[in-house]
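# Observations on the model geometry
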Amino acid sequence: MASLSLKHIYKKYPGGVTAVSDFCLEIKDKEFLILVGPSGCGKTTTLRMIAGLEEISEGELFIGDKLVNDVAPKDRDIAMVFQNYALYPHMTVFDNMAFGLKLRKTPKEEIKRRVEEAARILDITHLLDRKPKALSGGQKQRVALGRAIVRKPMVFLLDEPLSNLDAKLRATMRTELTKIHQRIGTTFVYVTHDQTEAMTMATRIVVMKDGLIQQADTPQNLYDYPVNLFVAGFIGSPQMNFVECVLEEKGNGLYLTFGENAVKLPADKANNPALKDYIDKEVIMGIRPEDIYDGASYVESWADSVIETDVEVTELMGAEIYLYLRTGEESFIARVDNKSKARAGDVIKVALDASKIHIFDRDTERYIIH
């Protein structure tokens, strides 16, 4: 097992294109770390540099306490699972899983033991004699994982391994991958653009944008304390609502005003010294859809943070309803109880849970208070 240390890693291509900039990260032994971000943010390039498939332009990469910048991929003691599985079509599942061990001249008995052990962990023992064409997408995914597990690498690298699966199978495989990680206790570094995968599986998430780390933290901390607008909008589904407001001081407190609306900040937020420099200035208010309520009891008890809105669309999601709301120039999404009576065309009052409001600097996009 091994930790990873990435120190000031850069990837520069000819023509002045920098794909990854000043990437600094300590990955703990047995951690399930997920790199997440939009397409082109540098997450796969980072993974390929760890694997040795891309050359590091600047910086140092350590696996355990060994500097591996110039170590060939085959000597790094890592295993990579690709998006397209890369199985040999003419070989059985057993031979696909055993292939890497045969190349290393592992004794036959040891190969058999390791393949059967991996097949048992992955619940594919009954498939060992089949060829890949006779397997479903989920089964192929397990075989690709099995081929990596039998090598007992120090680090697993997984590049969007679930993106070719349908939605239901993806949900099942998320759970399976988490169980596999717990069973084999190896360091996992996983790349995805799907923030649901990241939130449900990772012990820690690294959010990337334009080759730079935006924030590296636990899923819950990313959700509750995003450092900037990008992270706040990227993590969470539906995404956080953002509204341009003016922070105003009125007789009895601080208010966020926009259009005809004024939302009073609770005392603990209003007294935060970080807000002093922003009074009478434009800021961005962030509030998550689940922190907006349309129930009469909330509207009555949170009178200082009630806004009147037009309901544009309602989406029944089973256990809840998404309300697409508009007030003046601003749009909101609210996640409300499925017993909500709101319908498209209605004018309704909703209450914002002001204790859950985030405030961001309009120019730097960094958070001011959570």
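Every value quoted in this text rests on a predicted model; they were computed, and no experiment measured them.

## Thoughts on the overall build of the protein chain
Check the secondary structure of the protein chain and you find 10 helices and 21 strands. Per-residue burial for the protein chain yields a buried fraction of 50% across its 370 residues. When contacts within the protein chain are restricted to residue pairs at least 6 apart in sequence, those whose partners lie at least 24 apart make up 67%. Within the structure as shown, the protein chain displays about 17,700 Å² of accessible surface, and the carbon and sulfur contribution to it stands at 48%.

## Description of the pattern of salt bridges
This structure, assessed with the given rule, holds 18 salt bridges. The residue Glu-290 makes a salt bridge to Arg-335 at a minimum N-O spacing of 4.0 Å. In this pair, Glu-290 is assigned in the loop between β14 (282-287) and β15 (292-293) and Arg-335 in strand β18 (residues 330-337), connecting sequence segments 45 residues apart. A residue is classified by how much of its surface remains accessible, and Glu-290, at 23% relative accessible area, is partly exposed. Judged by its relative accessible area of 25%, Arg-335 is partly exposed. Note that Lys-356 is salt-bridged to Asp-291, the shortest N-O span being 3.8 Å. Separated by 65 residues along the polypeptide, Lys-356 in the loop between β19 (347-352) and β20 (358-361) and Asp-291 in the loop between β14 and β15 bring together distant segments of the chain. The class of Lys-356 is partly exposed, set by a relative accessible area of 40%.

## Some thoughts on the sheet that holds strand β3 (residues 32-36)
Read across the sheet, six strands follow the order β6-β7-β8-β3-β9-β10 without closing on themselves; strand pairing throughout is mixed. The open sheet has two free edges, formed respectively by β6 (78-81) and β10 (212-217), since each of these has just one partner strand. When the angles between neighbouring strand axes are averaged without regard to direction, this sheet yields 15 degrees. Strands β3, β7 (155-159) and β8 (187-192) of the sheet are contacted by helix α5 (residues 167-184), whose axis makes an angle of about 160 degrees with β8.

## Some thoughts on the environment of Val-243
Take Val-243: it is sitting in strand β11 (residues 241-250). Its relative accessible area of 0% is what places Val-243 among the buried residues. Sequence separation of Val-243 and Ala-342 is 99 residues, and the distance between their C-alpha atoms is 22 Å. The residues touching Val-243, leaving out its near neighbours within four places in the chain, are Phe-258, Val-283, Ile-284, Met-285, Glu-330 and Phe-332.

## Thoughts on the packing of aromatic side chains
According to the stated counting rule, one finds 10 aromatic pairs in the structure shown. Judged by centre distance (5.7 Å) and plane angle (20 degrees), the rings of Phe-230 and Phe-234 are stacked. Of the two residues, Phe-230 and Phe-234 both sit in helix α8 (residues 229-234), four residues apart, roughly one turn of that helix. By relative accessible area, Phe-230 is classed as buried at 19%. An angle of 45 degrees between the planes, with centres 5.3 Å apart, marks the rings of Tyr-298 and Trp-302 as tilted. Relative accessible area serves as the criterion here: at 27%, Trp-302 is assigned to the partly exposed category. Through successive ring pairs, a cluster of aromatic residues spans Phe-32, Phe-156, Phe-188 and Tyr-190. The ring of Tyr-10 has Lys-12 lying over it, and the distance from NZ or CZ to the ring centre is 5.1 Å. If you follow Lys-250 out to its NZ or CZ, it ends over the ring of Tyr-255, 5.1 Å from the centre.

## Things to note about helix α1 (residues 43-51)
Across the nine residues that make up α1, a large majority, seven, are buried. If you check which residues of α1 are buried, you get Lys-43, Thr-45, Thr-46, Leu-47, Met-49, Ile-50 and Ala-51. Immediately beyond the C-terminal end of α1, within one or two residues, lies Gly-52, with a positive phi of roughly 90 degrees.

## A look at the environment of His-370
Here His-370 lies in the segment after β21 (367-369). His-370 gets classed as partly exposed once you look at its relative accessible area, which sits at 24%. For the pair formed by His-370 and Lys-269, sequence separation is 101 residues and the distance between their alpha carbons is 8.1 Å. Ignoring anything within four residues of it in the chain, the contact list for His-370 reads Asp-224, Tyr-225, Pro-226, Lys-269, Ile-357 and His-358.

## Observations regarding the pairing of strand β16 (residues 306-316)
When β16 meets β19, the two strands line up antiparallel, connected through five bridges. Among the inter-strand pairings, Asp-310 is bridged to a residue of β19, identified as Val-347. As judged from the six bridges shared by β16 and strand β17 (residues 320-327), these two strands associate in the antiparallel manner. Across the sheet, the residue bridging to Asp-310 is Arg-326, located in β17.

## Topic: unusual backbone geometry
Residue Pro-238 is reached from Ser-237 by a cis peptide bond, and omega for that bond is -5 degrees. The residue Pro-238 is located in the loop between α8 and β11 in this model. Located in the positive-phi region is Asp-77, a residue other than glycine, with phi close to 55 degrees. Mapped onto the elements, Asp-77 comes out in the loop between β5 (66-67) and β6. Backbone geometry places Lys-152, a non-glycine residue, at a positive phi of 50 degrees. Tracing the chain through its elements places Lys-152 in the loop between α4 (137-149) and β7.

So, how was this worked out
All residue numbers refer to position in the chain's written sequence, counted from 1. Local features in this predicted model are restricted to residues whose pLDDT is 70 or higher, and side-chain atom pairs enter the listing and the counts only when it is 80 or higher, whereas totals over whole chains, interfaces and linings include all residues. Derived side-chain values reflect all non-hydrogen atoms in the structure, with water molecules and hydrogen atoms excluded from consideration. Starting at the N terminus, helices and strands are each numbered in turn, a helix being any DSSP run of H or I of at least four residues and a strand any DSSP run of E of at least two. Each residue gets one of three labels from its accessible area relative to the maximum for its type: buried under 20%, exposed over 50%, partly exposed in between, using a 1.4 Å probe on protein chains only. Note on definitions: a residue-residue contact is assigned when non-hydrogen atoms from the two residues lie within 4.5 Å. Working definition of accessibility: Shrake-Rupley area with a 1.4 Å probe, residue cover restricted to the visible protein chains. Here, a salt bridge means any Lys or Arg side-chain nitrogen found within 4 Å of an Asp or Glu carboxyl oxygen. Two strands are counted as paired when DSSP detects at least two bridges linking them. A fitted line through C-alpha atoms serves as each axis, taken over the contacting stretch for helices, and the angle formed by two N-to-C directions is quoted from 0 to 180°. The criterion for an aromatic pair is that two Phe, Tyr or Trp rings (for Trp, the six-membered ring) have centres within 6.5 Å, with stacked assigned to planes under 30 degrees apart, edge-to-face to planes over 60 apart and tilted to the rest. Sitting over a ring, as applied to charges here, requires NZ of Lys or CZ of Arg to be within 6 Å of the ring centre and within 35 degrees of the ring normal.

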